[in-house]
Amino acid sequence: MDSILVVNAGSSSHPRPRRDVSLSLTSGAGASMRALSAGHSVESTMGFTALDGIPMGTRPGQIDPGVILYLIEQKKMSAAAVSAALAFDVAG
């Protein structure tokens, strides 16, 4: 797994650049990004579960909620089948 910390990524052309803001990027089979302000995490790509956020090796990442409804209503999939299709059991 690789991690990158981008410090002072503010644009110098911005009227009030933020020098206390940085980004942390992690990639590998899992991936995430977070924004830090003064060394504290203020935003993250992680959601309620590990299924949300950016796509990863075994997870779809952010998905339109309409897809879940489509699978249940149109494809007649059970909640267990949808969960398995989304690899929720792998998300831990």
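Keep in mind the model is a prediction, meaning the values are calculated, not measured.

The rules behind each value
- Residues numbered from 1 in each chain as written.
- Predicted model: local features only at pLDDT ≥ 70, side-chain atom pairs only at ≥ 80, totals over all residues.
- Heavy atoms only, no water.
- Helix = DSSP H or I, 4+ residues; strand = E, 2+ residues; numbered from the N terminus.
- Buried < 20%, exposed > 50% of the residue type's maximum accessible area, 1.4 Å probe, protein only.
- Contact = heavy atoms within 4.5 Å.
- Areas by Shrake-Rupley, 256 points an atom, 1.4 Å probe, with all protein chains shown as cover.
- pLDDT = per-residue confidence, 0-100.
- Pairing = 2+ DSSP bridges.

**Q** I'd like a description of the overall build of the protein chain, backed by residues and values.
**A** If you tally the helices and strands in the protein chain, you get three helices and four strands. Listed by position from the N terminus, the elements making up the protein chain come as β-β-β-β-α-α-α. The buried share among the 92 residues of the protein chain stands at 22%. A fraction of 21% describes how many contacts in the protein chain between residues 6 or more apart in sequence connect residues 24 or more apart. On the protein chain, roughly 6,500 Å² of surface is accessible, and the fraction owed to carbon and sulfur atoms is 59%.

**Q** I'd like a rundown of the confidence of the model for the protein chain, residues and numbers included.
**A** Averaged over all residues, the pLDDT of the protein chain equals 76, while 74% of them reach at least 70. Within the protein chain, helix α3 (residues 88–91) has the poorest average pLDDT of any element, 51, and helix α1 (residues 65–73) the best, 93.

**Q** Give me the pairing of strand β3 (residues 32–37): which residues, what numbers.
**A** Inspection of the sheet shows strand β2 (residues 21–27) paired to β3 by six bridges, in the antiparallel sense. Within β3, the position partnered with Ser22 by the bridge is Leu36. Counted along the chain from β2 to the antiparallel partner β3, the turn is four residues long, and its residue Gly28 has a positive phi close to 150°. As paired strands, β3 and strand β4 (residues 40–44) are joined by four bridges and run antiparallel to one another. Looking at β4, one finds that Leu36 is bridged to Ser41.

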